[in-house]
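Fold and contact review
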Amino acid sequence: MGGREVWPLVEGGKGVAATNHLSSGAWALAGGVGTISAVNADSYDPTGRIIPQIYRALSRRDRHEELISYAIDGAVSQVQRAYDMAASELSRGIGALNINVLWEMGGAQRVLHGVLERTRGLVNGVTCGAGMPYKLSEIAGQYGVHYYPIISSARAFRALWKRAYSRAAEWLGAVVYEDPWLAGGHNGLSNAEDPRVPQDPYPRVKELRAVMRESGIPDSTPIVMAGGVWRLDEWTDWIDNPELGQIVFQFGTRPLLTQESPIPEAWKQRLLTLEKGDILLHKFSPTGFYSSAVRNAFLRHLEARSERQVAFSATATGDHQFLLDVGVGRKNYYVTRDDLLRARQWHGLGFTEALKTPDNTLVFVAPEDKAAIRQDQADCMGCLSQCGFSSWADNATNSTGRLADPRSFCIQKTLQDIVHGGDTEQNLMFGGHSAYRFAKDPFYSNGFVPTVRQLVDRILTGA
Ligand SMILES: Cc1cc2nc3c(=O)[nH]c(=O)nc-3n(C[C@H](O)[C@H](O)[C@H](O)COP(=O)(O)O)c2cc1C
């Protein structure tokens with residue numbers, strides 16, 4: 001794949017620092033493909049300590065510039081370290097290192113240019129998901145690296161190919177099909193798909209291969225199957241199947257639990273106790289995408305906040321005839337009778353502050369929550385191209401033009417916090433829907449945590 005001799009096994013990139021040089025270098029050294037997250041990766045001071053990403057500038061625009069420079073420095077140092085770890089194999093053409101970016105991250109194109117410029121010869125390619133990264137192929141081609149679009153439907157790939165990728169066909173390393181119902185992290189569900197009705201990946205990947213063939217892409221260009229892959233003896237009908245062409249498997253959740261995985265110990269231990277149903281596919285991410293994460297106290301808190309929600313009108317219309325008398329000071333909001341009674345009840349329980357959402361609704365929160373939400377919004381450093389939570393946009397006005405949405409959260413803050421040892425119950429813990437298998441798989445009995453090489457060897461046996 002991508003001109004390298006590799007096991008058909010990839011560790012998918014995991015932001016913000018849940019894959020780094022330690023895990024990716026180990027995957028490459030074991031002959032697989034390691035993927036460094038280039039989404040605000042860590043950099044190090046001369047003594048080897050992680051440099052905390054502190055934002056000093058006063059304006060969001062200037063903090064956004066700080067963010068881009070942290071992101072470039074971080075990804076470059078991760079790539080250099082990973083390469084050094086695996087140089088013995090990589091220099092012989094074995095194993096590979098990719099970097100991963102979220103197309104919707106703030107300054108994605110600038111970060112890619114900055115990183116690829118400074119890592120020439122070290123990186124095989126760029127994997128990129130979320131949104132429609134039309135420019136990915138052009139940027140990759142400019143630096144002579146492969147590109148690996150992550151898509152969740154044949155339709156999305158067709159659009160990308162027609163509009164842009166066909167002009168850089170020689171740099172297409174593989175197409176990653178990510179199952180939008182099962183994979184950890186952000187999920188590519190479109191309006192055409194029902195989050196509650198998962199679809200079998202086989203016909204969807206078959207359709208993707210058909211679109212690739214129509215486009216003149218040879219069957220030797222792999223499709224990387226990502227999402228819900230645990231043991232390969234469950235995928236034997238996919239391997240060497242002429243209908244699908246070359247298939248490679250990507251793992252995201254399972255490699256969270258290795259010795260080299262950079263996530264903190266508490267997160268690793270939590271993985272061993274998860275049960276079926278503990279992963280929630282939800283819509284709270286400020287990117288606007290669905291995403292999958294452990295349904296911990298952090299997510300339950302967001303679910304409860306959204307439940308304490310009422311629709312309002314600025315004037316008395318329809319059944320919105322009742323003036324809200326709690327949470328809103330002297331402002332006039334008309335709600336239904338039932339909602340008035342519900343709002344009074346929440347107020348009595350301590351949820352005394354009503355916050356407006358962009359959808360003409362109000363959510364009721366406790367005063368300390370209101371303060372935290374407003375502080376997080378004020379601290380925004382523009383880590384996404386468009387943020388639902390802060391209303392930042394990387395455009396001329398630096399605004400989405402919509403109200404900041406208090407039903408969402410600051411994704412930069414929480415992902416940085418959890419990966420650097422913050423409370424695993426109070427932060428967003430991305431995870432795939434197979435995570436419950438840790439507790440059931442005998443490989444992990446007695447709390448066994450494999451090295452990356454032991455995991456790769458295990459997967460190669462089919463188990
Ligand atoms: C904690 C976590 C963080 C992730 N972050 C990213 C990310 O930043 N970018 C990305 O393209 N995919 C991300 N993913 C998806 C993985 O790269 C991979 O495709 C997916 O997890 C595969 O499905 P699985 O979870 O069933 O193994 C993440 C997954 C997890 C579990």
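As the structure is a computational prediction, the values presented were derived from the model and not from experiment.

**With respect to the overall build of the protein chain**
A count of helical and extended segments in the protein chain gives 12 helices and 16 strands. For 463 residues, the compact-globule estimate of 2.2 N^0.38 gives 23 Å, and the protein chain sits close to it at 23 Å.

**Focus on the domain arrangement of the protein chain**
Accessible area lost upon the coming together of the parts serves often as the stated size of an interface. Parsing the protein chain into structural domains produces domain 1 (9-263 + 439-460) and domain 2 (297-419). Ranked by residues supplied to the side of domain 1 that touches domain 2, first place goes to helix α2 (residues 60-90) with six residues.

**Focus on the sheet that holds strand β7 (residues 185-187)**
Read across the sheet, three strands follow the order β7-β11-β10 without closing on themselves; strand pairing throughout is antiparallel. Bordering the open sheet on either side are β7 and β10 (279-282), each of which pairs with just one other strand. Each strand axis lies, on average, 25° off the axis of its neighbour in the sheet, ignoring direction. Where β10 and strand β11 (residues 290-294) come together, four bridges link them in antiparallel fashion. Bridging across to β11, Leu280 finds its partner in Ala293.

**With respect to the environment of Ile151**
Mapped onto the elements, Ile151 comes out in strand β5 (residues 146-151). Residue class for Ile151 comes out buried when judged on the 21 C-beta atoms lying within 10 Å of it. Considering only alpha carbons, one finds Ile151 and His347, 196 residues apart in sequence, at a separation of 44 Å.

**Re the pairing of strand β9 (residues 247-251)**
Relative to β9, strand β1 (residues 9-11) runs parallel, the two being bridged by three bridges. When the bridges of β9 are listed, Val10 appears paired with Gln250. Taken together, the four bridges between strand β8 (residues 223-226) and β9 define a ladder with parallel strand orientation. Paired with Ile223 across the strands is Ile247, a residue of β9.

**Description of the sheet that holds strand β12 (residues 309-311)**
Hydrogen bonds along the backbone pair up the strands of a sheet, which may run parallel or antiparallel. Read from one edge to the other, the open sheet built from three strands follows the order β12-β16-β15, with strand pairing classed as antiparallel. Two strands bound the open sheet, and with one partner strand each, they are β12 and β15 (353-356). Within this sheet the neighbouring strands show an average axis-to-axis angle of 30°, counted without direction. Where β15 and strand β16 (residues 361-365) come together, four bridges link them in antiparallel fashion. Bridging across to β16, Glu353 finds its partner in Val365. Of the strands in this sheet, β15 and β16 touch helix α10 (residues 367-378), which is tilted by about 30° from β15.

**With respect to the site of the ligand**
Near the ligand there are 29 residues, and of these Gly12, Gly184, Gly185, Gly252 and Gly432 occur at the shortest range. Of all the elements in the fold, those that place two or more residues in the shell around the ligand are β3 (96-102) and β9. The residue makeup of the shell around the ligand, split by class, is 10 nonpolar, 16 polar and three charged.

**So, the nonpolar core**
Ala75, Val101, Val126 and Tyr177 are the most contacted members of the largest nonpolar core, which totals 114 residues. The leading source of residues in this core is α2, at 13 residues.

**Brief notes about the environment of Arg61**
Inspection of the secondary structure puts Arg61 in helix α2. For Arg61, a count of 13 C-beta atoms within 10 Å gives the class partly exposed. Each C-alpha atom, one on Arg61 and one on Thr451, is 42 Å from the other, the two residues being 390 residues apart in sequence.

The rules behind each value
- Residues numbered from 1 in each chain as written.
- Predicted model: local features only at pLDDT ≥ 70, side-chain atom pairs only at ≥ 80, totals over all residues.
- Helix = DSSP H or I, 4+ residues; strand = E, 2+ residues; numbered from the N terminus.
- Rg over C-alpha atoms; globule rule 2.2 N^0.38 Å.
- Domains from an automatic or database assignment.
- Pairing = 2+ DSSP bridges.
- Axes fitted to C-alpha atoms, helices over the stretch in contact; angles between N-to-C directions.
- Buried ≥ 20, exposed ≤ 12 C-beta atoms within 10 Å, placed from the backbone.
- Contact = placed C-beta atoms within 7 Å.
- Near = placed C-beta within 6 Å.
- Nonpolar A, V, L, I, M, F, W, Y, C, P; charged D, E, K, R; others polar.
- Core = buried A, V, L, I, M, F, W, Y, C linked by C-beta atoms within 7 Å.

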